[in-house]
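# Summary of the model geometry
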Amino acid sequence: MGDILIVDDERDIRELISDILKDEGFTTRLASNSEECMDQVAAETPGLMILDIWLKDSNMDGIDILKSVKRSHPEVPIVIISGHGNIEIAVAAIKQGAYDFIEKPFNIDQLLVVISRAMETSRLRRENTELRRRDVALTEMIGSSSSFKALKSNLEKVTRSNGRIMLSGPAGSGKEIAARFIHSESDRASAPFVVVNSASIEPERMEEVLFGRESADRGVEPGLLEEAHGGVLYFDEVADMPLGTQSKILRVLVDQQFQRVGGSDKVRVDIRVISSTNRDLQAEIEAGNFRQELYHRLNVVPISVPSLEERREDIPELAAAFIAAFNKEQGLPLRTLSEEAQALLQTMKWQGNVRQLKNVIERILILGNDSEVIEASELPQQGEPSESETGVVLSAGLATLPLREARELFEREYLMTQINRFGGNISRTATFVGMERSALHRKLKSLGIVTSNKTGARVAHVDELDNAEAE
């Protein structure tokens, strides 16, 4: 879906356009008549078509080809070109689904701008179509840890309302899955869920993409706001939205209506807005990058999505679900994780959170061996520690300390890791490490380790007060 099919009966025109597009990094295919064109479309659907209206020695003219391709492949944008252009032909082409009409001799820069916009519009529509197909899988909430249960409880409370939600949490933690869960459990479940990826849309194109546009020669092109009518509009990483667009979105939230770019009529929409961010929006406001009024409009119900570090208990369950999904979607081996592999996954650092875990599982299934069980040795190694002859890994930090300090540091880090792995459950931690519960409590106290609630989960950390007193 990335190449451009150029259809023109004049060889010089075909090759000129092709050379220009190749210089811009596009791949092209050429056709001189309707038969070649339809054969090319049948062989592989193009990402875009540049189509001449008048084709010599052809059974079909450009309008006939336009109608046929749009029936079979409505997602393919088609730019019409003609040396005999007039307003009637342009209007007819637009009505039949053409993206734009350009008259020969055309301006190269104008052609490139139209192609760039058409490809971007097509990409956004394909992405949203694909996301809608994957709605069922993407709304599945997986986990049983206390922090996950707290998140799900909060999400369930807001599904029946129309209040605007702000989901905050680190990148890869599952904010979009949470948003899709709200949508799937709400009264708007049968209506669209439209994603606005604030970072991937060029700032100068943001308003056109959101509000759509209209003109006398091209008619009405709906934007994402209209596509989301009756459903949910999800602003992914809203902090990346340009300041100019922020003020206009604020007006839409207040009035539930807007004007298309180039239009004068008011368009009314009924949408529920869910936003997400991995940044501190208060800091962005102070820096002048985000409008405070918009923040208050979007942040009606703030919900925090925990990082994977805060829900380590869920890692085996998430990994098993990813393995099953990759088996179903890609035919990758249906393997299980050994207890050692599960334990290692639960102690690893996950800066990329759930998304990183999913990527690691996919890599293991692709590159791993044929055994039914995934062993710890197949997991990626974090860092580059040196290994002694006995096979015991010793970090550079521990190697520089006296034995007593090194042992205390190791015990502290080891026990905090195990406690967090088991969601703050001391009994399960004691069983795993092979200590009596009372003995473990004494050890934790001597090491200055305490547990406290964080996003619904018990998390182990060093008591800073004890440390300060000790110093």
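It should be emphasised that the depicted structure is a prediction, and the values quoted were computed from it without experimental measurement.

### Structural notes on the overall build of the protein chain
In terms of helices and strands, the protein chain carries 21 helices and 20 strands. Total accessible area on the protein chain is roughly 24,000 Å²; 48% of this is exposed by carbon and sulfur atoms.

### What to know about the nonpolar core
Val196, Leu233, Phe235, Val238, Ile249, Phe290 and Leu298 are the most contacted members of the largest nonpolar core, which has 32 residues in total. Mapped by element, the contributors of at least two residues to this core are strand 7 (193-197), helix 9 (206-211), helix 10 (224-227), strand 10 (232-236), helix 11 (243-255), helix 12 (281-286) and helix 13 (292-298). Setting aside chain neighbours within four positions, we find leucine 298 in contact with Arg164, Ile165, Met166, Val238, Leu253, Val273, Ser275 and Phe290.

### Let's talk about helix 11
Between its terminal C-alpha atoms helix 11 stretches 19 Å, which fits the 18 Å expected from 13 residues at 1.5 Å a residue. Looking at the buried side of helix 11, the elements it contacts are helix 9, helix 10, strand 10, strand 11 (257-259), strand 13 (272-277) and helix 13. At the exit of helix 11 stands glutamine 256, carrying a positive phi of roughly 55°.

### Describing the sheet that holds strand 5 (residues 100-103)
Across the sheet, 5 strands lie side by side as 2-1-3-4-5; this open sheet has parallel pairing. Every other strand in the sheet has two partners, leaving strand 2 (28-31) and strand 5 as the edge strands with one partner each. Within this sheet the neighbouring strands show an average axis-to-axis angle of 20°, counted without direction. Here helix 3 (residues 62-72) sits on the sheet in contact with strand 3 (48-52) and strand 4 (78-82), set at roughly 155° to strand 3.

### Digging into the confidence of the model for the protein chain
Caution is warranted with low-pLDDT regions, since their predicted coordinates should not be read in detail. Overall, the predicted model of the protein chain reaches an average pLDDT of 85, with 88% of residues at or above 70. Here strand 17 (residues 386-387) stands out as the element of the protein chain with the lowest mean pLDDT, 40, in contrast to strand 6 (residues 165-168), whose mean of 97 is the highest.

### Examining the pattern of salt bridges
This model, assessed by the stated rule, comprises 26 salt bridges. In this structure, aspartate 255 and arginine 251 form a salt bridge, with 3.6 Å as the shortest nitrogen-oxygen distance. One end of the pair is aspartate 255 and the other is arginine 251, both in helix 11 and 4 residues apart, which spans about a single turn. For arginine 251, a relative accessible area of 47% gives the class partly exposed. Here glutamate 309 makes a salt bridge to arginine 312, at a shortest N to O gap of 2.2 Å.

### What about the packing of aromatic side chains?
Under the defined criterion, the tally for this structure stands at 4 aromatic pairs. Seen from their ring centres, phenylalanine 211 and phenylalanine 258 are 5.5 Å apart, and the 35° between their planes marks the pair as tilted. Here phenylalanine 258 lies in strand 11 and phenylalanine 211 lies in helix 9, a separation of 47 residues in the sequence. Here phenylalanine 211 matches phenylalanine 258 in class, with each residue buried.

How each quantity is defined
- Each chain carries its own residue numbering, running from 1 in the direction its sequence is written.
- For this predicted model, a pLDDT threshold of at least 70 governs which residues receive local features, and a threshold of 80 or more governs which side-chain atom pairs are given and counted, while totals over whole chains, interfaces and linings are taken from all residues.
- Note: side-chain values were computed over all heavy atoms of the structure, leaving out hydrogens and water.
- Secondary structure elements are taken from DSSP: a helix is a run of H or I of four residues or more, a strand is a run of E of two residues or more, and numbering for both begins at the N terminus.
- Per-residue accessibility takes into account occlusion by the displayed protein chains alone, with areas from the Shrake-Rupley method and a 1.4 Å probe.
- What is meant by a nonpolar core is a set of buried Ala, Val, Leu, Ile, Met, Phe, Trp, Tyr and Cys residues, joined one to another through side-chain atoms within 4.5 Å.
- Each residue is assigned to one of three classes by its accessible area relative to the maximum for its type, calculated with a 1.4 Å probe on protein chains only: buried under 20%, partly exposed between the two thresholds, exposed over 50%.
- Working rule for contacts: check all heavy atoms of both residues, and any pair within 4.5 Å makes them a contact.
- Multiplying one less than the number of residues by 1.5 Å gives the expected span of a helix.
- In short, DSSP must find at least two bridges between two strands for them to pair.
- Think of each axis as a best-fit line through the C-alpha atoms, taken over the contacting stretch in the case of a helix, with angles from 0 to 180 degrees between the N-to-C directions.
- A score between 0 and 100, pLDDT records how confident the predictor is in each residue.
- The salt bridge definition used is simple: a Lys or Arg side-chain nitrogen within 4 Å of an Asp or Glu carboxyl oxygen.
- Note on aromatic contacts: the rings of Phe and Tyr and the six-membered ring of Trp form a pair at centre separations within 6.5 Å, being stacked when their planes are under 30 degrees apart, edge-to-face when over 60 apart, and tilted otherwise.

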